[in-house]
Every structure is written in structure tokens, then in C-alpha cells.
Amino acid sequence: MIKAGIIGSTGYAGGELARLLLQRDDVEIKWYGSKSYVEQKYASIYQNMFQIVDDRCMDDNMKELAEKADVIFTATPQGLCASLINDEILAKTKVIDLSADFRIKDVAVYEEWYKIKHPSPQFIEEAVYGLPEINREKIKGARLIANPGCYPTCSTLAVYPLAKEGLIDMDTLIIDAKSGVSGAGRGAKVDNLYCEVNESCKAYGVASHRHTPEIEEQLSYGAGKKVVLNFTPHLIPMNRGILITAYASLTGNVSYEEVKSVYDRYYGDEQFVRVLDRDVCPQTRWVEGSNFVDVNFKIDPRTKRVIMMGAMDNVVKGAAGQAVQNMNLLFGLPENTGLRQIPLFP
């Protein structure tokens, strides 16, 4: 039995973690952490947990939690996990952090984009970036996992094979992305009110979104050189979903079959990345509620560019599902344990 604790259990990612873990017979949730709702019944905050969870919310005492849990999930704002973690905690338990605190290896880049001073930069180097499709073996032996962001997960998986194989000119890469409103978190913000979001679509974080350096860093590892790109996200009036469309110039003449063989080689054995059939574009509705990422591409011979596409659920594969996938790897379990949900439709 894996004993798990969730700090930040009342946010969207934390709530999804609880939903996924509660369906398992091999996991016991020992701690529903939520600094905003200490002593309140968890089911009073998420009514879908009525008669399922009787526990009350606890605080963010990671030191105490480390004595009770085999793994701690931190679904918290930037800076909190890094302010709580220490060697004593990591000697007793595994930590899977869903914030950006340990994703970016250059602390100066983190501080520039997130506008906060990093509380524990000494742990950045050992933290493993938790994208299983790329870092599977490193994840298995880690004690601190940096769970990737939603946009970087979808963007990296859609682009990585062609970047790694040198088939695209990385200096020409542009990524256009769309996200459902849950990606902005559960906090009360005017920009996320129904009347502000409904019947509208807008770009935000233009040339300044905090996931940009994370995407650049991961694709730099793949391409073998520094990558600088334009990344523009958009807010879409739907609850869940990420859709990315990436554009880049090809470095040579390639056929559909040649590019398809590259994607198949990278993802043919992956459980959660589905390379779609020719001319089928990824759609968020076909991945909702699941840990799947659907990817595909289209070659435009007229412009000698390739359009790379990806779709996924930002709360599952983009957050909680990927965290569970990482937990499975840490504890030597089949990677799809507790993640076999078929996408919801309608």
C-alpha cells in the first residue's frame, strides 16, 4: 500500500489527484493539505467526494507529512514547495512537485520569469523533469520529481521527435496554444469569470508566458542546441483541454512516410501518446478526462514547413495524471496503473 499526501488538494490539480488516487486499491491518501481550508471537510469543498472522503483538510506541514507518506504531491503556487523542502524530508519520502520550482535548471531564468527568489536552489540539479516519455529511466531512481507544466508537456511531445532528428530548423519554431479555463487555477480572478470568458477567445502572456523557458529548455535538450522560440497561449471558453499548433521550416525534403516513421519510432511503444492517422487533426474532445496525448503533423510543400499538432487534458496528462504516471515509475508499478480511463465523450 502506497501512502500518499497531497499539499494543495483543493486546487484543480489537487482535486484531480484525489480523484485518480481514490480509485486505486494500492494507494491510501493520508493527508488532504489545503492552507485555505484547514479543518474543513474535504467533501464540503468538492461535493463530488460526498460519502467518499470523510477527511478534513490539513495544513502544509511537509515535515510532519514526510513521517506518514511514501510520496508527497505538492500542487501549490510557485515557491511553496521549494520553501518547505529539505534533505531531511527527501531522506524519508519522495516528492512530486506540480509547480515550476524545480523544472528549470538555471535558477536565474526561473527567478527572471517567475519574479520570485528561489528558496532552495540546491535541489534544482538533482530534480528530474518528470516527462516519462523522455526521462523514464531517470525518473525511476529520483527522490524529487519536477512535474512538467501543461503547455510544455503538449508542446514538447508534439515537437520533440522532429527536433531530436534534426528535421526542423529550430530558429523558425513558433508554437500557438489554447487552453481551457481550468489551466488558470481555481482562484477567484475577474479575467476568469463566466461573463469574461464565455463567447470569447483571447491571447495572453504574449511574448512573456512563464512556460516559454521550460519549453525552450526541453526542446534544447532534444535539438542539442539552444532553442529560442515564440510561444503564444490563448484562453478558450471550455473547462479542460490543451491544443497546440507548432510551425517550423523543414531542413530538407522529406515525405509524409519519412516523418510518420519518426513519430512511430519515438511513440510506437508509448501507452499515452497516440500518433493519429494521416490528415486526422488532434481534438481536445477526444482526450478529455484521460492521460492521452494525441499528436499529428502536416507537411506544407508550398512553404516547406511542417505543422505539428497536439491535444491533451491539461488537468490529467498536463498535471495530476502525469504526476500519477511518475509515481508509478517511482514505485516500480506498470506505468498505466490507475490511468486507464478512456476519454470522456460527450
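Residues numbered from 1 in each chain as written. Predicted model: local features only at pLDDT ≥ 70, side-chain atom pairs only at ≥ 80, totals over all residues. Heavy atoms only, no water.

Draft legend 1. Seen up close, the pairing of strand S12 (residues 293–300). As judged from the three bridges shared by strand S11 (residues 273–275) and S12, these two strands associate in the parallel manner. The partner of Arg274 across the bridge, within S12, is Asp294. Relative to strand S13 (residues 305–312), S12 runs antiparallel, the two sharing eight bridges. Following the sheet pairing, Asp300 is matched in S13 by Arg305. Where S12 folds back on S13, the antiparallel hairpin that results is connected by four residues, among which Lys304 adopts a positive phi of roughly 55°. (Pairing = 2+ DSSP bridges. Helix = DSSP H or I, 4+ residues; strand = E, 2+ residues; numbered from the N terminus.)

Draft legend 2. Seen up close, the environment of Lys35. Its location among the elements puts Lys35 in the loop between strand S2 (27–33) and helix H2 (42–45). Linking Lys35 and Ala69, residues 34 residues apart in sequence, is a C-alpha distance of 18 Å.

Draft legend 3. Looking closely at the sheet that holds strand S1 (residues 2–7). The strand order across the open sheet formed by six strands is S2-S1-S3-S4-S6-S5, and the pairing between neighbours is parallel. Looking at the sheet topology across the chains shown, the edges are occupied by S2 and strand S5 (128–129). Pairing of strand S3 (residues 71–74) with strand S4 (residues 94–97), which is carried by four bridges, proceeds in the parallel orientation. By the bridge assignment, Phe73 is partnered in S4 with Ile96. Helix H1 (residues 12–22) rests against S1, S2 and S3 of the sheet, and its axis sits at about 160° to S2. (Contact = heavy atoms within 4.5 Å. Axes fitted to C-alpha atoms, helices over the stretch in contact; angles between N-to-C directions.)

Draft legend 4. Region of the structure containing the sheet that holds strand S9 (residues 230–235). One open sheet holds the seven strands; their spatial order is S8-S9-S7-S10-S13-S12-S11, and the pairing between them is mixed. Because the sheet does not close on itself, it has two edges, and the strands there are strand S8 (202–203) and S11. With six bridges joining them, strand S7 (residues 174–179) and S9 adopt parallel strand pairing. Bridge pairing in S9 places Asp176 opposite Thr232. The sheet contacts of helix H8 (residues 150–164) involve S7, S9, strand S10 (242–249), S11, S12 and S13, and relative to S13 the element is tilted by about 140°. Seen against the sheet, helix H11 (residues 256–267) touches S11, S12 and S13 and runs at an angle of roughly 160° to S12.

Draft legend 5. Just the environment of Ser9, in detail. Its location among the elements puts Ser9 in the loop between S1 and H1. Looking at Ser9, the relative accessible area reads 0%, which means it is buried. Note: C-alpha distance between Ser9 and Ala75 (66 residues apart in sequence) is 6.9 Å. Excluding anything up to four places from it in sequence, Ser9 contacts Gly14, Gly15, Tyr32, Gly33, Ser34, Tyr42 and Tyr46. (Buried < 20%, exposed > 50% of the residue type's maximum accessible area, 1.4 Å probe, protein only.)

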